[in-house]
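# Observations on the model geometry
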Amino acid sequence: MKKIIITLLFYNVFLAHAQHKYPQNEFRNPLNIPMVLAGTFGELRTNHFHAGIDIKTQGVEGKEVHAAKEGFVSRIKVSTSGYGKALYITHPNGYTTVYGHLKKFNDRIEAYIKKRQYQDKKFEIQVFPLKNELPIATNEVIAFSGNTGGSGGPHLHFEIRDSKTEHIINPLLFGYDVPDTRHPKVLGIRMHPIGATSGVNKLSVSQEIPLHKINNNTYVAKSVKAVGKIGISVRTYDLLNGAFNKNGVYSIATYVNDSLIYHHRLETFSFSESKYINLLIDYPYYAEKKRKYQKTYVDPANKLSIYKTAINKGFLTVKPLQKYNLKIAIKDVANNTTTIKIPVIGDPEIVPVFKDEKQTPYFINHQTTTIFKEKNVEITFPKHALFHSTYIDFKVSNNGFRVHKPTLPFNHSYTISYAMDSVPKTQKKYAYLASINSSGTPYYLSSYKKGNQLITKTKTLGDFTIAYDSIAPKIYQLNFYENQNLANHKHISVKIKDDETGIKSYYTTVDNRWILMEYEPKKNELFFDLNDLETTNKKHIFQLKIEDLLGNTKTLQINFIK
């Protein structure tokens, strides 16, 4: 008992040190409303960790966004994806704050970026202002919250980065007041025998371990019989006060007989290592069941920096007839802790279970480049495209082809090359490669043509086909009509859409001069501020040309008075 108290005390001191090695209360809440979170730092997202916190804006856009501290605007990015409209402010204390999914910038920054957009004749843009161009004062209103980019609803995405390394740091370690008295929740535990001489409850396959909830923060399991090298994974989430969102947890630690053997903590990481999330989770199980279990052991190929302790890579070695008290401690940043207790008894008996690990003619040695060709399809896996060597399935039919099943995580993309021998010459310019989802719907893969080859680079596995798009995109739902007087209008809006491959580009002019139309793909809408018109009180010619990803175009010309 004394040993476990000392171990837990050390663990809690370790967490406290992580919090207080960063400046406390130097950064203000960027909003003038209480900080209620829709997402926490390091949450498990698709193929990446969440790189900041998502602050709720009470379900609306347009909240004033304040600079968290004095500094200067070091980067402005406007994109239809990702963070949408985003600001980066570098501060004198060595940190940079990031504000994403903004609706618009303040007048000074808006004028600066709009000038650059008109110079470059494009809406999506990224600029890096000099230190003296856009100085920022503490509390200054720098922007207004929105829902731009890859956002699924109004909120402010907020990050704190180390200015030198660009590593992202958990903002909740900087003293922000986010009320949290709720403990992490556990949805499941799995135990994984590693190798032919290991087993759990007499079986040599991974198994779910039933848990009984004792109280709000304690779960226990009945005795588990095991032998050999065993890995453990846990499905868990956290809740904060005042919100129903299922957030990520801060840390997970594993103890065996009161000794810490594994500990990871989501304090900081770099963008380059975020892809290793697919080695932190049980990826094959997630690909099949859509449930994310976090491993409490370290894959040999995993280069994440979040691991603080990993004795024997976090594996439990169970010897026959020995008893082990296994405990998993799950914490949030507020130090609310949930504990899972599992007694383990060493049992040498294993009933072999057949595993479908068939050998095929297609073996990928992940340490070398591997090329396979069947009929008119060639696939190339570069060195280290996969994290591990493996056999895959590869089959080509008249209707398409299959490259394994989507159960392997990727480090880098591989290449598919499709020889268009059977494609009519008149159709080749409309051809593209598509992946087929579980419901049979084809999805465009970014493809290019090289001679007779149709080529794509992808991290997608599964079923593929060749598809065609010869249909022009659509222009519809203008907010004005031919020769209308727009004296009382503040803006022009028009919707654009492509049902097959998607919009590649658009180009708009008024009186043959390029104009800045903002594009919001979630609404299929283009938007022009009529205050940008250089001349008024006259008849104007509005022209729009849009192009889809296969080069099909649609144009519109219409007159208006303003």
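Residues numbered from 1 in each chain as written. Predicted model: local features only at pLDDT ≥ 70, side-chain atom pairs only at ≥ 80, totals over all residues. Heavy atoms only, no water.

## Notes on the overall build of the protein chain
On a plain count of helices and strands, the protein chain comes out with 4 helices and 47 strands. A total of 562 residues make up the protein chain; the buried ones form 51% of that total. Partitioning the intrachain contacts of the protein chain with sequence separation of at least 6 by distance along the chain shows that 68% fall at a separation of at least 24. (Helix = DSSP H or I, 4+ residues; strand = E, 2+ residues; numbered from the N terminus. Buried < 20%, exposed > 50% of the residue type's maximum accessible area, 1.4 Å probe, protein only. Contact = heavy atoms within 4.5 Å.)

## A closer look at the sheet that holds strand 31 (residues 394–397)
Ordered by their spatial adjacency, 5 strands build an open sheet running 31-32-38-34-35, and the pairing between neighbours is antiparallel. Each edge of the sheet is formed by a strand with only one pairing partner; in this case those strands are strand 31 and strand 35 (442–444). Pairs of neighbouring strands in the sheet enclose a mean axial angle of 30°, with direction left out of account. In the sheet, strand 34 (residues 431–436) pairs with strand 35 via 3 bridges, with the strands oriented antiparallel. Pairing of Ala434 across the sheet is with Tyr444, part of strand 35. (Pairing = 2+ DSSP bridges. Axes fitted to C-alpha atoms, helices over the stretch in contact; angles between N-to-C directions.)

## Some points on the layout of surface pockets
Over the atoms, a rolling probe the size of a water molecule traces out where space has been left empty. In this structure, the second largest pocket encloses a volume near 800 Å³. Along its surface, the second largest pocket is lined by 28 residues, and Lys85, Lys103, Lys104, Glu518 and Phe527 are the ones closest to its centre. When contributions to the lining of the second largest pocket are tallied by element, the ones reaching two or more residues are strand 8 (95–105), helix 2 (107–120), strand 44 (518–520) and strand 45 (525–529). Across the lining of the second largest pocket, the residue classes tally to 7 nonpolar, 6 polar and 15 charged. (1 Å grid on protein atoms, 1.4 Å probe; cavity = no way out; pocket = protein on both sides within 12 Å on 5 of 7 lines; lining within 4 Å. Points joined across faces, edges and corners; volume = space filled by probe spheres on them. Nonpolar A, V, L, I, M, F, W, Y, C, P; charged D, E, K, R; others polar.)

## What about helix 2?
The periodicity of an α-helix, 3.6 residues per turn, causes residues three or four positions apart to be oriented the same way. For helix 2, spanning 14 residues, the distance from its first C-alpha to its last is 20 Å, which sits close to the expected 20 Å at 1.5 Å a residue. Buried residues of helix 2: Ile109, Glu110, Tyr112, Ile113, Lys114 and Gln117, and no others. Looking one or two residues past helix 2, Lys121 carries a phi angle of roughly 55°, positive in sign. (Expected span 1.5 Å × (residues − 1).)

## Here we look at the pairing of strand 37 (residues 453–458)
With 6 bridges joining them, strand 33 (residues 414–419) and strand 37 adopt antiparallel strand pairing. Bridge pairing in strand 37 places Thr415 opposite Lys457. The pairing of strand 36 (residues 447–450) with strand 37 spans 4 bridges and is antiparallel. Bridging across to strand 37, Tyr448 finds its partner in Ile455. Remark: 2 residues form the turn of the hairpin made by strand 36 and strand 37, two consecutive strands paired antiparallel; Gly451 in that turn has positive phi of roughly 65°.

## Points about the environment of Leu408
Position of Leu408 relative to the elements: it lies in the loop between strand 32 (400–403) and strand 33. Given a relative accessible area of 17%, Leu408 falls into the buried group. Expressed as a C-alpha distance, the spacing of Leu408 and Pro284, which sit 124 residues apart in the sequence, is 6.5 Å.

## Re empty space enclosed by the protein
As enumerated under the stated definition, the model contains 1 cavity of 30 Å³ or more in all. Its volume calculated, the largest cavity comes out at about 30 Å³. Lining the largest cavity are Arg45, Thr46, Asn47, Ile277, Asn278, Ile281, Tyr283 and Tyr286. Those elements that provide at least two residues to the lining of the largest cavity are helix 3 (277–280) and helix 4 (283–289). Residue classes in the lining of the largest cavity are distributed as 4 nonpolar, 3 polar and 1 charged.

## Observations concerning the environment of Leu556
Relative to the assigned elements, Leu556 resides in strand 47 (residues 553–561). Separated by 450 residues in sequence, Leu556 and Asn106 have C-alpha atoms that sit 33 Å apart. Leave out the neighbours within four places in its chain, and Leu556 touches Ile475, Leu478, Phe542, Gln543 and Leu544.

## As for the pattern of salt bridges
One pass over the full model with this rule turns up 19 salt bridges. Among the ionic pairs, Asp463 bridges to Arg402, the shortest N-O distance being 2.7 Å. Linking Asp463 in strand 38 (residues 462–468) with Arg402 in strand 32, this pair joins segments that are 61 residues apart in sequence. With a relative accessible area of 29%, Asp463 lands in the partly exposed category. For Arg402, a relative accessible area of 43% gives the class partly exposed. Put simply, Glu520 and Lys522 hold a salt bridge, and the shortest N to O gap is 3.3 Å. Classification of Glu520 by relative accessible area gives buried; the value is 17%. Relative accessible area serves as the criterion here: at 40%, Lys522 is assigned to the partly exposed category. (Salt bridge = Lys/Arg side-chain N within 4 Å of Asp/Glu carboxyl O.)

## Examining the environment of Asn398
Checked against the element boundaries, Asn398 lands in the loop between strand 31 and strand 32. Counting along the chain gives 317 residues from Asn398 to Ser81, while the straight-line C-alpha distance between them is 36 Å.

## Considerations on the sheet that holds strand 46 (residues 539–548)
Strand order in the open sheet made by the 5 strands is 40-47-46-42-43, with mixed pairing throughout. A strand with exactly one partner marks an edge of an open sheet, and here the two such strands are strand 40 (484–485) and strand 43 (513–514). In this sheet, strand 46 lies alongside strand 42 (residues 503–510) in antiparallel orientation, the contact comprising 7 bridges. Counterpart to Tyr506 in the pairing with strand 46 is Ile546.

## Some details on a nonpolar patch on the surface
Together, Leu203, Val351 and Val353 make up a nonpolar patch on the protein surface, roughly 180 Å² of accessible area in all. Secondary-structure assignment places Leu203 in the loop between strand 14 (185–200) and strand 15 (207–208). (Patch = residues over 30% accessible without salt bridge, like charges linked within 9 Å, V, L, I, M, F, W, Y side chains within 5 Å. Areas by Shrake-Rupley, 256 points an atom, 1.4 Å probe, with all protein chains shown as cover.)

## With respect to the side chain of Thr96
By the element assignment, Thr96 lies in strand 8. Owing to a relative accessible area of 5%, Thr96 belongs among the buried residues under this scheme. Within polar-contact distance, the side chain of Thr96 engages the side chain of Ser163 at 2.8 Å. Dropping the residues within four chain positions of it, Thr96 is found in contact with Ser74, Tyr88, Ile89, Thr90, His91, Glu159, Ile160, Arg161 and Ser163. (Polar contact = N/O pair within 3.5 Å; in protein donor to acceptor, adjacent residues only side chain to side chain.)

Keep in mind these numbers describe shape, not what the thing actually does.
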